[in-house]
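# Reading the structure
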Amino acid sequence: MTTTDAGQLPEVAIRRGLKDVYFDRTRASYIDGRAGKLLYRGYSIHDLADHSTFEETAYLLFYSKLPTGDELAAFEADLKASRTLPDEIFDIIHAVRHAHPMDVLRTATSALAAFDPEVNDNSIEATVRKGVRLTAQVPTIVMAHEAIRNGRQPVAPNLSLSHAANFLYMLTGEVPTDDAARLMDKDFILHAEHGPNASAFTARVVAGTQANLHAAIVAAIGALSGPSHGGAAENVMQMAMEIGEPENAAAYVQRLRSEGKPVMGFGHRVYKAEDPRARHLREGVRRLSLEREEPKWYHILEAVQEAMRPYARLGVHVNVDFFAGVIYYLVGFPPDLFVPIFAVGRIPGWTAQVVEQFENNILIRPLTQYVGEMDLPYIPIEERG
Ligand SMILES: CC(C)(COP(=O)(O)OP(=O)(O)OC[C@H]1O[C@@H](n2cnc3c(N)ncnc32)[C@H](O)[C@@H]1OP(=O)(O)O)[C@@H](O)C(=O)NCCC(=O)NCCS
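Starting afresh in each chain, residues are numbered from 1 along the sequence in its written order. Where local features are concerned, this predicted model is filtered to residues with pLDDT of at least 70; where side-chain atom pairs are given and counted, the filter is 80 or more; whole-chain, interface and lining totals use all residues.

The subject of this paragraph is the overall build of the protein chain. Helix and strand assignments come from DSSP, with helices taken as H or I runs of at least 4 residues and strands as E runs of at least 2, each series counted from the N terminus. Looking only at helices and strands, the protein chain features 16 helices and 5 strands. Radius of gyration means the value over C-alpha atoms here, while the globule rule gives 2.2 Å times the residue count to the 0.38 power. Scaling as 2.2 N^0.38, a compact globule of 385 residues should have a C-alpha radius of gyration of about 21 Å, and the protein chain matches this with 23 Å. The principal-axis extents of the C-alpha atoms in the protein chain amount to approximately 70 × 55 × 45 Å. Each residue is classified by how many other C-beta atoms fall within 10 Å of its C-beta atom, where C-beta atoms are placed from the backbone; a count of 20 or more means buried, 12 or fewer means exposed, and values in between mean partly exposed. In the protein chain, which comprises 385 residues, the proportion classed as buried is 44%. A pair of residues counts as a contact when their C-beta atoms, built from backbone coordinates, are within 7 Å of each other. In the protein chain, 75% of the contacts between residues at least 6 apart in sequence involve partners at least 24 apart.

In structure tokens:
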């Protein structure tokens, strides 16, 4: 029996987790992790969060330029026209209604492929059109499931409302306040694109085989569903609940650290300065928790940030999920919808990544170094002990 060992193997550099590996070039977004800088197609995330809407930001990601007023109006009309779902999708959601919302979203998005008129057209133009349709359809899936699993009729999309306001409207059937809609809009802008993280990379791997956009996005939803990627917002809310009162925060953080556990909503694979998206939601949490007369949540988050201050020297800073979870909670979303909300915002980014992959496609196929046994003698089944 021979076992491979370091002596027999050719020297190879292994980058576990593909950390710090560049595999292609992109024009979708720029991240400077040390400076805490994020640009979508060259535009600062701060300008987009402060001055644009999700629709404008999605247009930028789909068409690589900011829209004129007329272009934006036509794009908004396109999105609204695609908000409804085929009846069969509601039947499918009903059949799987007891599953986790991410599993339901993945299943329903996969089923949508059967109804898309251009499903197997991988031209750039058709891929963008499909991305626009999915951007409009995914929020309806998430909210239809929320209604169906609670024994309610889904709320039909309201075509007079923006993307974000309509999303909130489909939760309750009530038109949201301007403040709540604007905060949701900002949240979608901040989640719209973020380079080749696990879900976008997954989408690119699938597109690399020349599979279609629906296949790539279904796979991306699967990757996003894992707690190391999309789940942190939910974990932060759970942490805030466990902390209970601001004065308990320091001891809670100390206990986690002494057990070697990470504090949720802190740290990032790429950002070693504060995540630039976080500041836009920090103010949102403050205002919303006052408006909903639950200021405690903002104070708990402030106390956790204070307790985490010593870790800044290790490059561990607050990330976008730290504030997002409390916002979703205050707006009235159940915790298991926090990851699907991330997916709602990310469809334009995933589409932009797939379009880039198609523009200069190559099969993505890395290597693993074999370290198992070699050349074992084959023993017939009746002779195996
Ligand atoms: C996101 C995450 C997986 C990044 O991990 P990473 O890139 O491998 O970061 P590193 O392990 O290089 O971190 C460097 C140091 O900071 C510490 N650190 C990282 N994140 C930390 C956190 N959230 N709380 C406390 N310490 C943390 C690490 O323990 C490590 O210290 P060490 O060198 O003494 O072991 C990690 O920060 C984490 O688990 N965060 C919490 C979950 C979260 O909020 N995820 C959402 C990301 S948007």
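So, next bit.
The next subject is the pairing of strand 2 (residues 29-32). Burial of strand 2 is one-sided: the residues Ser 29 and Ile 31 facing one way are buried, the residues Tyr 30 and Asp 32 facing the other way are not. DSSP-based pairing: two strands are paired if at least 2 bridges between them are found. By the bridge criterion, 4 bridges tie strand 2 to strand 3 (residues 37-40) in an arrangement that is antiparallel. Note that in strand 3 the partner of Ser 29 across the bridge is Tyr 40. Hairpin connection between strand 2 and strand 3: a loop of 4 residues separates the two successive antiparallel strands, and Gly 36 in this loop has a positive phi of roughly 65°.

A molecule or strand has a residue near it when that residue's C-beta atom, placed from backbone coordinates, lies within 6 Å of it. In the vicinity of the ligand lie 15 residues, with Ala 232, Pro 262, Phe 266, Gly 267 and Arg 269 positioned nearest. Residue polarity is assigned by list, with Asp, Glu, Lys and Arg as charged and Ala, Val, Leu, Ile, Met, Phe, Trp, Tyr, Cys and Pro as nonpolar; anything else, Gly included, falls into the polar class. Residues belonging to the shell around the ligand are distributed by class as follows: 8 nonpolar, 5 polar and 2 charged.

The next subject is unusual backbone geometry. With phi around 65°, Ser 64 is a residue other than glycine that occupies positive phi space. Among the structural elements, Ser 64 can be located in the loop between helix 2 (54-63) and helix 3 (69-81). The class for Ser 64 is partly exposed, based on 13 C-beta atoms found within 10 Å. The backbone phi angle of Asp 375 is positive, close to 50°, even though this residue is not glycine.

Looking now at the packing of helix 13 (residues 278-291) against helix 15 (residues 320-331). Each packed pair of helices is defined by two parameters, the angle between the axes and the distance between the axes. To define axes, lines are fitted to C-alpha atoms, for helices over the stretch in contact only, and angles between the resulting N-to-C directions are given on a 0 to 180 degree scale. Where helix 13 meets helix 15, the axes come as close as 8 Å, and the angle between the chain directions of the two elements is 30°. The orientation of helix 13 relative to helix 15 falls into the category roughly parallel. Between helix 13 and helix 15 lies a crossing whose hand is left-handed. Only Val 320, Phe 322, Phe 323, Ala 324, Val 326, Ile 327 and Leu 330 of helix 15 make contact with helix 13, whose side of the interface consists of Ala 278, Leu 281, Arg 282, Gly 284, Val 285, Leu 288 and Ser 289. Taken together, the residues of the contact of helix 13 with helix 15 break down into 11 nonpolar, 2 polar and 1 charged. These descriptions rest on fixed angle ranges, namely under 35 degrees for roughly parallel, over 145 for roughly antiparallel, 65 to 115 for roughly perpendicular, and the rest for oblique. In this scheme the crossing of two helices becomes right-handed for a clockwise turn of the near helix relative to the far one and left-handed for an anticlockwise turn of less than a right angle.

Ranked by size, the top nonpolar core spans 105 residues in total, and within it Ala 203, Ile 217, Leu 301, Val 326 and Ile 327 carry the most contacts. The leading source of residues in this core is helix 16 (residues 338-359), at 11 residues. Sequence-distant contacts of Val 326, that is, excluding residues within four places in its chain, are made with Met 237, Ala 240, Val 285, Trp 297 and Leu 301. A set of buried Ala, Val, Leu, Ile, Met, Phe, Trp, Tyr and Cys residues, joined through C-beta atoms within 7 Å, is what we mean by a nonpolar core.

Below, the discussion takes up the sheet that holds strand 2. The sheet built from 3 strands is open, its strands ordered 2-3-4 with antiparallel pairing. Every interior strand has two partners, whereas the edge strands, strand 2 and strand 4 (43-44), have only one. As defined by bridge partners, strand 3 adjoins strand 4 across 2 bridges and the pair is classed as antiparallel. Residue pairing for strand 4: Leu 39 is matched across the bridge by Ser 44.

Okay, the pairing of strand 3 next. Residues Leu 38 and Tyr 40 of strand 3 are buried on one face, while the alternating residues Lys 37 and Leu 39, pointing to the opposite face, are not. What sits between the antiparallel neighbours strand 3 and strand 4 is a turn of 2 residues, in which Arg 41 has the positive phi angle 45°.

Attention shifts here to the environment of Arg 282. Considering the arrangement of structural elements, one finds Arg 282 in helix 13. Counting along the chain gives 53 residues from Arg 282 to Pro 335, while the straight-line C-alpha distance between them is 19 Å.

Okay, the environment of Asn 197 next. Assignment of secondary structure puts Asn 197 in the loop between helix 8 (178-191) and helix 9 (198-208). Owing to 20 C-beta atoms within 10 Å, Asn 197 belongs among the buried residues under this scheme. Measuring from C-alpha to C-alpha, the distance between Asn 197 and Val 270 comes to 9.6 Å, with 73 residues separating the pair along the chain.

Here the focus is the packing of helix 11 (residues 232-243) against helix 15. The N-to-C vectors of helix 11 and helix 15 enclose an angle of 75°; their axes lie 7 Å apart at closest approach. The pairing of helix 11 with helix 15 is recorded here as roughly perpendicular in orientation. Contacts between helix 11 and helix 15 involve Ala 232, Ala 233, Glu 234, Val 236, Met 237 and Ala 240 from the first element and Asp 321, Phe 322, Ala 324, Gly 325, Val 326, Tyr 328 and Tyr 329 from the second. Of the residues belonging to the contact of helix 11 with helix 15, the class tally is 10 nonpolar, 1 polar and 2 charged.

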